[in-house]
Amino acid sequence: MSVVALGESLGLLVASRIGRLELVPTMDLGFGGAESNVAIGLARLGVPTTWMGRLGDDALGRLIERQLRAEGVGVATTLDPAAPTALMLKERPAAGASSVVYYRAGSAGSRLAPEHLDLAAIGEARILHVTGITAALGEAPRAALDAAIDAAHAAGALVSFDVNHRSRLWSHAVAAPEYRAIAARADVVFAGEDEAELLTGEREPEAQARALVALGAAQAVVKLGADGALGLVDGELVRQAAFPVHAVDTVGAGDAFVAGYLAELLEGAPLAERLRTAAACGAVACTAPGDWEAAPDRAAIARLLGGGDPVQR
Ligand code: ATP
């Protein structure tokens, strides 16, 4: 496998209509998780990828494993006989807005520990992708994260770290030093503007990228939503504008963006091309609902970049 993405995947219930959750009569069942979203994005771009994490021995766990395999993602999981797969409920309070409630305390994924890792799979990968969410889940997942990074370093694999701050899981004050410690051990760091400020104290994206590199990562990428992104590698600073699209659901744009960047990194593409493909992936991911469903394949990227007629007959 070229990439191993380590983290927790959760069942996902999405309100089928806009309104207060307690008044919504039906919900659609799916799944999500930042790392598995990245894994799917990579698989769609043709990159052999494994998702690694712990699942409950239950229907949601089976749903996640089936769906990942259906997307062409390898699954390296150990089932927890004593804890359920986590769940999140997504409320849609207004058009274009969403809010998530987690049922993940004590979940199988949050009981991930170093002994559950498939170290051989990490050792064979060219990139290990992790996020700050795993560190937020508790001491055992935090230890697993470090053990996975140790294994990647020992094997000469690159470590990719997307901060993915979740304020519902831990406070800024507790999270920030943990994020800085992980960034110091990573080769590529992705952060949104607010996250970059949390890590570095800087408010301006260029200064943020420089401060992220100063923490120890050779490659820093600041994601700026509809304003695009900025990358800093080996002193070269590249700005990438967002591709204009009709955005209907921006959740998952960041994960698709990371997949695009890593796919090009594996191809040995220069920074500007990595950011261009990443931005195209992020833009396409905004054009349809779902955390990972709209992540593009190469053909969808070509259609966006080609600017062709959106109606095909
Ligand atoms: P999330 O955590 O919701 O997945 P994020 O905050 O990590 O997202 P964003 O900065 O929102 O990441 O989006 C990642 C990239 O996707 C941006 O850098 C940009 O290139 C692209 N993107 C995001 N929103 C839009 C948009 N409205 N139109 C076009 N491109 C977008």
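Residues numbered from 1 in each chain as written. Predicted model: local features only at pLDDT ≥ 70, side-chain atom pairs only at ≥ 80, totals over all residues. Heavy atoms only, no water.

1. Side note on the sheet that holds strand β6 (residues 87-91)
Strand pairing within a sheet occurs via backbone hydrogen bonds; the two strands may be parallel or antiparallel. The condition that has to hold: Paired strands, in this sense, are two strands between which DSSP finds at least two bridges. Helix and strand assignments come from DSSP, with helices taken as H or I runs of at least 4 residues and strands as E runs of at least 2, each series counted from the N terminus. The convention used is that axes are lines fitted to C-alpha atoms, helices contributing only their stretch in contact, and that angles between N-to-C directions extend from 0 to 180 degrees. Residues are treated as being in contact if the distance between any of their heavy atoms lies within 4.5 Å.
The strand order across the open sheet built from four strands is β3-β2-β6-β7, with neighbouring strands paired in mixed fashion. The open sheet has two free edges, formed respectively by β3 (27-32) and β7 (99-103), since each of these has just one partner strand. If you compare each strand with its neighbour and ignore which way they point, the axes differ by 25 degrees on average. Sheet strands in contact with helix α2 (residues 59-70) are β2 (10-15), β3 and β6, and its direction is about 65 degrees off that of β3.

2. Digging into the environment of W170
We count it as follows: A 1.4 Å probe rolled over the protein chains alone gives each residue an accessible area, and that area as a share of the maximum for its type sets the label: buried under 20%, exposed over 50%, partly exposed in between.
With respect to the element layout, W170 can be found in the loop between β9 (158-162) and α6 (172-184). Note on W170: relative accessible area 12%, which makes it buried. Put simply, W170 and L145 are 25 residues apart on the chain and 17 Å apart in space, counted from C-alpha to C-alpha.

3. Details of the UniProt feature "domain: Carbohydrate kinase PfkB" (unreviewed entry) in the protein
In plain terms, the rule: UniProt positions are given in the numbering used here, feature names are shortened, and annotations may be inferred rather than shown by experiment.
In the numbering used here, UniProt assigns the feature "domain: Carbohydrate kinase PfkB" (unreviewed entry) to residues 20-296. With 41% helix and 22% strand, residues 20-296 has end C-alpha atoms that lie 31 Å from one another.

4. Let's talk about the site of the ligand
Which entries qualify depends on this criterion: Neighbouring residues are identified by heavy atoms, a residue being near a molecule or strand if any of them is within 4 Å of it. Polar contact is the term for a pair of N or O atoms within 3.5 Å; when the atoms are in protein, one must be able to donate a hydrogen and the other to accept it, and sequence-neighboring residues count only if both atoms are side-chain atoms.
The environment of the ligand is formed by 21 residues, the closest being K223, G225, G228, G252 and G254. For the ligand, an oxygen atom lies 3.4 Å from a polar atom in the backbone of A253. Between an oxygen atom of the ligand and a main-chain N or O atom of G254, the distance comes to 2.9 Å. Of all elements in the fold, only α9 (253-267) and α10 (271-285) reach the threshold of two or more residues within the shell around the ligand. Element by element, the count of residues in the shell around the ligand is highest for α9, at four residues.

5. Concerning the packing of helix α1 (residues 34-44) against α9
Selection rule: To sort the angles, those under 35 degrees are grouped as roughly parallel, those over 145 as roughly antiparallel, those from 65 to 115 as roughly perpendicular, and the leftovers as oblique. For any helix crossing, the convention is left-handed if the near helix is rotated counterclockwise from the far helix by under a right angle, and right-handed if that rotation is clockwise. Amino acid classes used here: Ala, Val, Leu, Ile, Met, Phe, Trp, Tyr, Cys and Pro are nonpolar; Asp, Glu, Lys and Arg are charged; the rest, including Gly, are polar.
Contact geometry of α1 with α9 gives a least axis separation of 8 Å together with a crossing angle of 50 degrees. One way to sum up the angle between α1 and α9 is to call them oblique. For the pair α1 and α9, the sense of crossing is right-handed. Side by side, α1 and α9 meet where A34, N37, V38, G41 and L42 of the first sit next to D255, V258, A259, L262 and A263 of the second. Of the residues in the contact of α1 with α9, the class split is seven nonpolar, two polar and one charged.

6. Comments concerning the pattern of salt bridges
Rules: Any carboxyl oxygen of Asp or Glu within 4 Å of a side-chain nitrogen of Lys or Arg constitutes a salt bridge here.
Scanning all chains against the criterion turns up 17 salt bridges. Between R104 and E8 there is a salt bridge, and its shortest N-O distance comes to 2.8 Å. With R104 in the loop between β7 and α3 (119-124) and E8 in the loop between β1 (3-6) and β2, this pair connects stretches of sequence that are 96 residues apart. One salt bridge in this structure joins R20 and E22, with 3.3 Å as the shortest N-O distance. Owing to a relative accessible area of 51%, R20 belongs among the exposed residues under this scheme. Judged by relative accessible area, which is 57%, E22 ranks as exposed. Connected via shared salt-bridge partners are R142, D146, D150, E178 and R185.

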